Amino acid sequence: MAPDHGAGQTGAAMFAFIDTVIEATLAFVRDNRDWAFWIALVFAMGETTAFLSIIIPSTAVLLGVGALVATGELSLLPIWAGASVGAVIGSLFSYWIGWRYGDAILRLWPLRDHPDLVARGNAAFQKWGVVAVLIGHFFGPLRAVVFVMAGISRISPLLFVPVNIVGCLAWAYVTPKFGEVAGQVFGWLWRLITG
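Draft legend 1. Local environment of the overall build of the chain. Regarding its fold elements, the chain presents nine helices and zero strands. Ordered by position from the N terminus, the helices and strands of the chain form the series α-α-α-α-α-α-α-α-α. Taken over 195 residues, the chain has a buried fraction of 39%. Just so you have it, the chain exposes about 10600 Å², and 70% of that area is on carbon and sulfur atoms.

Draft legend 2. Seen up close, the nonpolar core. Phe125, Val133, Met149, Ala150 and Phe160 are the most contacted members of the largest nonpolar core, which totals 22 residues. Elements represented by at least two residues in this core include exactly helix H4 (76-101), helix H5 (115-128), helix H6 (131-138) and helix H8 (146-152). Ranked by residues supplied to this core, first place goes to H8 with six residues. Apart from the residues within four sequence positions on either side, Ala150 is in contact with Tyr95, Phe125, Val133, Ile155 and Phe160. With 14 residues, the next largest nonpolar core counts Ala36, Ala40, Leu68 and Trp171 among its residues.

Draft legend 3. Looking closely at the confidence of the model for the chain. Across the chain, pLDDT averages 77, with 71% of residues at or above 70. Looking across the chain, the model is least confident in helix H1 (residues 5-31), with a mean pLDDT of 64, and most confident in H4, with 92.

Draft legend 4. Here's a closer look at the environment of Ala150. The residue Ala150 is located in helix H8 in this model. Exposure remark for Ala150: the relative accessible area of 0% places this residue in the buried category. Sequence spacing of Ala150 and Ile97 is 53 residues, and the spatial spacing of their C-alpha atoms is 9.9 Å.

Draft legend 5. Broad picture of unusual backbone geometry. Phi at Arg154 is positive, roughly 60°, even though this residue is not glycine. Along the polypeptide, Arg154 turns up in the loop between H8 and helix H9 (157-194). Note on Arg154: relative accessible area 46%, which makes it partly exposed.

Draft legend 6. Representation of the environment of Thr48 in the model. Looking at the element boundaries, Thr48 is found in helix H2 (residues 36-48). As for Thr48 and Ala87, which are separated by 39 residues in sequence, their C-alpha atoms are 5.7 Å apart. In terms of polar contacts, Thr48 uses its side chain to reach the backbone carbonyl oxygen of Ala87, at 3.3 Å.

Draft legend 7. Fine view of the packing of H2 against H4. It is at 6 Å that the axes of H2 and H4 come closest, and there the two elements cross at 30°. With respect to each other, H2 and H4 are oriented roughly parallel. When the axes of H2 and H4 are compared, the crossing they make is right-handed. Along the contact surface, H2 presents Ala36, Phe37, Ala40, Leu41, Ala44, Met45 and Thr48, while H4 presents Pro78, Ile79, Ala81, Gly82, Ala83, Val85, Gly86, Ala87, Ile89, Gly90, Ser91 and Ser94. Along the lines of polarity and charge, the residues of the contact of H2 with H4 split into 13 nonpolar, six polar and no charged.

Draft legend 8. Local environment of the packing of H5 against H6. One can describe the packing of H5 onto H6 by two numbers: an axis separation of 8 Å at closest approach and a directional angle of 135°. Classified by the angle between their axes, H5 and H6 sit oblique to one another. The handedness of the crossing between H5 and H6 comes out as right-handed. Taking contact as the criterion, the partners of Ala124, Phe125 and Trp128 in H5 are, on H6, Val131, Ala132, Val133 and Ile135. When its residues are assigned to classes, the contact of H5 with H6 shows seven nonpolar, no polar and no charged.

Cut-offs and rules
- Residues numbered from 1 in each chain as written.
- Predicted model: local features only at pLDDT ≥ 70, side-chain atom pairs only at ≥ 80, totals over all residues.
- Heavy atoms only, no water.
- Helix = DSSP H or I, 4+ residues; strand = E, 2+ residues; numbered from the N terminus.
- Buried < 20%, exposed > 50% of the residue type's maximum accessible area, 1.4 Å probe, protein only.
- Areas by Shrake-Rupley, 256 points an atom, 1.4 Å probe, with all protein chains shown as cover.
- Core = buried A, V, L, I, M, F, W, Y, C linked by side-chain atoms within 4.5 Å.
- Contact = heavy atoms within 4.5 Å.
- pLDDT = per-residue confidence, 0-100.
- Polar contact = N/O pair within 3.5 Å; in protein donor to acceptor, adjacent residues only side chain to side chain.
- Axes fitted to C-alpha atoms, helices over the stretch in contact; angles between N-to-C directions.
- Parallel < 35°, antiparallel > 145°, perpendicular 65-115°, else oblique.
- Left-handed = near helix turned anticlockwise from the far one by under 90°.
- Nonpolar A, V, L, I, M, F, W, Y, C, P; charged D, E, K, R; others polar.

Shown next, in the form of structure tokens:
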């Protein structure tokens, strides 16, 4: 039986498309610095919204934007502020969806196609309780479901909201900051090699 090369080609095409989206977005941010807050807001909102976070490469974009900060082309403050607001909006919306629709939301696309993510979300809440919300901000596969699972689990808004806001602020700072530091390290190495 011949190996199926179609699946590998489809995966490669998907990665090429994602790379193109990331590069185009970073070029847009570089050329439209005044929109940095809003761009960070939209991508962070997408990253923390249950259905969108599976298909939008927001973390890669925010890391790339952080690298632009390292070059001096952007300031970190509007990126952090926009990403913080976007993360709060997306995660609260996802929490509300989970609270409002309960387990029925897990039977809809794309969550129904990712039962492993749902299982990870359940396991995280069993192990860590509301702290899973904070951890979920920094763990990509969990981020796709953690806010919905918090709503489905009926975690009290009085617990969810403050923990979530701390997670949003921290994630929105650390992600582009990591890109900035990585950009500075690569710049230093490049100058070291090229003299």
